[in-house]
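Inside the fold
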Amino acid sequence: MAIFKEIAGLRHWRQALKGTLALVPTMGNLHAGHLALVRLAATRADHVLVSIYVNPLQFGPGEDFDRYPRNLGSDLQLLGEAGCQNVFAPDDNIMYPYGRQDLAIVLPPRSLSSVLCGRSRPGHFAGVSTVLSKLLHMVAPEVLVLGEKDYQQLRVVQRLLEDCNFAVQLLPAPTQREADGLAYSSRNQYLGTEERRIAPLLFQHLQELVRRSRESDADPALLAQATRESLDLAGFVVEYLELRDGTSLQSLPRARPGARWFAAARLGRTRLIDNLAIDL
């Protein structure tokens, strides 16, 4: 396995590479959802590179940057078993050599980054946009693979690529779920035993919202309120539960083609997010 820690070695390898390259950016602590992205990437490019970097710019005050799991050894083992032989694992000195106090950053469109998760995580999507811009310049892939579980992030990145004319194809990957429907996430390991039993209810309630949105012209606000109450009773603290357009992320008064339900809720100390398309 080729493991790059510095930009010079990565670029030397990239310049000599024959064929197309797909990048799968991650923050490590890999799980089956990440490996599905790697397998999808391998169907669209001759080579796959996985980046592993816990980006401090996308964590806000009081979030879990310090305790975010870092398991490079096990990550490399999983990637090897999945057939990925190329990894970029830089540290802060490589990514931000002059520190982060007076850093040039990339600001995403407010219409996409100030809603949903952007309301409670100010600066998060600027951190995502900045680190991804740096990775794309360093790696120069032809294909970029991102999962739809972080759907708002996907839309922000899509606009970033369009607005800044990056020569890369964005390949969205369907959300990967455990057998009971819980979306794979590196933060799921924070869940206690009872919390893990309850966690799939978030997906189940989203499924019910999608079903009711397809079968009736019910007011999304009323549907969301009833669902919030049910989730509250189950032990969740709901941050948002909203029907929005899948492209603009603008709030919708009624279901329509392209609409999605978006949810974020806390269960204990774990923040869960999920989304489902209505597909009218």
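Everything that follows concerns the structure shown earlier in this document.
Residues numbered from 1 in each chain as written. Predicted model: local features only at pLDDT ≥ 70, side-chain atom pairs only at ≥ 80, totals over all residues. Heavy atoms only, no water.

So, on to the sheet that holds strand 9 (residues 270-277). Taken in spatial order, the three strands line up as 7-8-9 in an open sheet, and their pairing is antiparallel. The sheet terminates laterally at strand 7 (237-245) and strand 9, the two strands that pair on one side only. Ignoring which end each strand starts from, the neighbouring axes of this sheet average 10° apart. In the sheet, strand 8 (residues 259-267) pairs with strand 9 via eight bridges, with the strands oriented antiparallel. In the strand pairing of strand 9, Arg260 is matched with Ala277. Strands strand 7 and strand 8 of the sheet are contacted by helix 11 (residues 220-234), whose axis makes an angle of about 155° with strand 7. (Pairing = 2+ DSSP bridges. Helix = DSSP H or I, 4+ residues; strand = E, 2+ residues; numbered from the N terminus. Axes fitted to C-alpha atoms, helices over the stretch in contact; angles between N-to-C directions. Contact = heavy atoms within 4.5 Å.)

So, about helix 10 (residues 201-215). A rise of 1.5 Å per residue sets the reference length of helix 10, with its 15 residues, at 21 Å; its end C-alpha atoms lie 21 Å apart and thus fit the reference within 8%. Every buried residue of helix 10 is listed here: Leu202, Phe203, His205, Leu206, Leu209, Val210 and Ser213. Angularly, the buried residues of helix 10 cover 160° about the axis, an arc narrow enough to put them on a single face. Considering only its buried residues, helix 10 is in contact with helix 11, strand 7, strand 8 and strand 9. (Expected span 1.5 Å × (residues − 1). Buried < 20%, exposed > 50% of the residue type's maximum accessible area, 1.4 Å probe, protein only. Arc of directions from axis to C-beta.)

Their axes nearest at 9 Å, the elements helix 1 (residues 7-16) and helix 7 (residues 124-139) cross at an angle of 50°. Relative to helix 7, helix 1 is oriented oblique. In this structure, helix 1 uses Ile7, Leu10, Arg11 and Arg14 to contact helix 7, whose residues at the interface are His137, Met138 and Val139. The residue makeup of the contact of helix 1 with helix 7, split by class, is four nonpolar, one polar and two charged. (Parallel < 35°, antiparallel > 145°, perpendicular 65-115°, else oblique. Nonpolar A, V, L, I, M, F, W, Y, C, P; charged D, E, K, R; others polar.)

Before going further, it helps to spend a moment on the pattern of salt bridges. Tallied over the full model, the rule gives 18 salt bridges. Among the ionic pairs, Arg196 bridges to Asp180, the shortest N-O distance being 2.8 Å. Of the two residues, Arg196 sits in helix 9 (residues 193-198) while Asp180 sits in the loop between strand 6 (169-173) and helix 9, which places them 16 residues apart along the sequence. Linked by salt bridges that have partners in common, Arg119, Glu242 and Arg244 make up one network. (Salt bridge = Lys/Arg side-chain N within 4 Å of Asp/Glu carboxyl O.)

Judged by pairing direction, the sheet is parallel, and its six strands sit side by side in the order 1-4-3-2-5-6 without closing on themselves. Edge positions in the open sheet fall to strand 1 (2-4) and strand 6, since each of these has one partner strand only. Going from strand to strand, the sheet's axes swing by 25° on average, the running direction of each strand aside. Here five bridges tie strand 5 (residues 143-147) to strand 6, and the two strands are oriented parallel to one another. Bridging across to strand 6, Leu144 finds its partner in Leu170. Taken strand by strand, helix 3 (residues 72-81) contacts strand 1, strand 3 (47-52) and strand 4 (86-88), and its axis lies near 165° from that of strand 3. Seen against the sheet, helix 8 (residues 151-163) touches strand 5 and strand 6 and runs at an angle of roughly 160° to strand 5.

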